[in-house]
Amino acid sequence: MNWYSIRMRAAAGGPHEKGGRHISGAEDLVPETEIEDRLFYFWQKASNHEKGKWDFLQITVEKIDERVQEVSLLPVKLFYPATTVDARKLATELLGRNGITQRQINSAFQLLENPPQDIRGAWVVALDSNRVVRENVRATKFGWNQTTYQQLREMLTCAGLINTRLSEALALASKVNACPGIVAELCWSDNPEYTTGYVASSRLGYCRLPNFKPIGKGGGRVFWIEKEEQIESVLHWLREVPCLIGGVPILQKEE
Ligand code: AMP
């Protein structure tokens, strides 16, 4: 079967590279029969964003020549913090299990809360040097094994969680955290009204945290890598290696 990578980016005030403000982005990896559907969905996604109206929209479709790898879906763990303070405490405790210090975690919260510039990709932070090694890095070329996706949707529906955001973020987190060298990820949505976020790692799984950011705030992602010297191989994995997310979905409620 042939696979196609689809990427979308939308901005207001011109293209991103000419100073436009990021509105929306998305990516998928699909067979030829799904392309038309995804083009329509990406167009809708860009055109109905809380961040406003785009005047620049780019959708790129590329045939994949490399072998597509299968990556395991991360287990989903549902936490229920009642406040932003509780959510951040919990995130700090979870990320601490991956060896990330409280200071490093607070710096990441600061980055997401007060981004130094408009951003449309992740900050890659090295834990050995404590430096932001790259910014605006987007993970691309990932999509779903269709059986896994159907099972996941059923599971989420049963849990009252039918939510495209969750499945899109879960696919991204599964690819990102399967990368050798990546220790963990932190995410808040761009959508000002959507305050749920997550922390994820291959050890922790995908830990969903409601009330992670105050209402009205923007979003962002941080990918922590172990060593600064791993950056080129990490970027190669994130941007170039085509992956389908497969395996049996797992959903756990954590008290
Ligand atoms: P979203 O979850 O789409 O609201 O995105 C929240 C933030 O995560 C965006 O502002 C970007 O900074 C970042 N982001 C979104 N998609 C990606 C991606 N594919 N790779 C890396 N970072 C991303």
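About the thresholds
Residues numbered from 1 in each chain as written. Predicted model: local features only at pLDDT ≥ 70, side-chain atom pairs only at ≥ 80, totals over all residues. Heavy atoms only, no water. Helix = DSSP H or I, 4+ residues; strand = E, 2+ residues; numbered from the N terminus. Contact = heavy atoms within 4.5 Å. Near = heavy atom within 4 Å. Areas by Shrake-Rupley, 256 points an atom, 1.4 Å probe, with all protein chains shown as cover. Nonpolar A, V, L, I, M, F, W, Y, C, P; charged D, E, K, R; others polar. 1 Å grid on protein atoms, 1.4 Å probe; cavity = no way out; pocket = protein on both sides within 12 Å on 5 of 7 lines; lining within 4 Å. Points joined across faces, edges and corners; volume = space filled by probe spheres on them.

Under an unreviewed UniProt entry, the protein chain has the name 6-carboxyhexanoate--CoA ligase and belongs to Carboxydocella sporoproducens DSM 16521.

**Q** How do you make sense of the environment of Leu161 when you look at a structure like this?
**A** Secondary-structure assignment places Leu161 in the loop between α4 (146-158) and α5 (164-177). Residues Leu161 and Tyr41, spaced 120 residues apart in sequence, show a C-alpha to C-alpha distance of 20 Å. For Leu161, the contacting residues outside a window of four places in its chain are Leu78, Leu156, Leu166 and Arg208.

**Q** I tried to follow the site of the ligand on my own but got confused; where do I start?
**A** Of all residues adjacent to the ligand, which total 15 residues, the nearest are Glu27, Gly121, Ala139, Asp190 and Arg221. Protein contact buries 89% of the 480 Å² of open area that the ligand shows by itself. Top element by residues in the shell around the ligand is strand β12 (residues 220-225). It accounts for three residues. Across the shell around the ligand, the residue classes tally to seven nonpolar, three polar and five charged.

**Q** What is the right way to read the layout of surface pockets from this model?
**A** Rolled over the atoms, a probe as big as a water molecule pinpoints where empty space is left. Here the second largest pocket is characterised by a volume of approximately 300 Å³. Taken together, 15 residues line the second largest pocket, and the ones lying closest to its centre are Arg7, Glu27, Arg120, Arg138 and Thr140. At the level of secondary structure, the elements contributing two or more residues to the lining of the second largest pocket comprise β1 (3-12), β3 (56-63), β7 (131-137) and α6 (231-240). A per-class count over the lining of the second largest pocket returns two nonpolar, four polar and nine charged.

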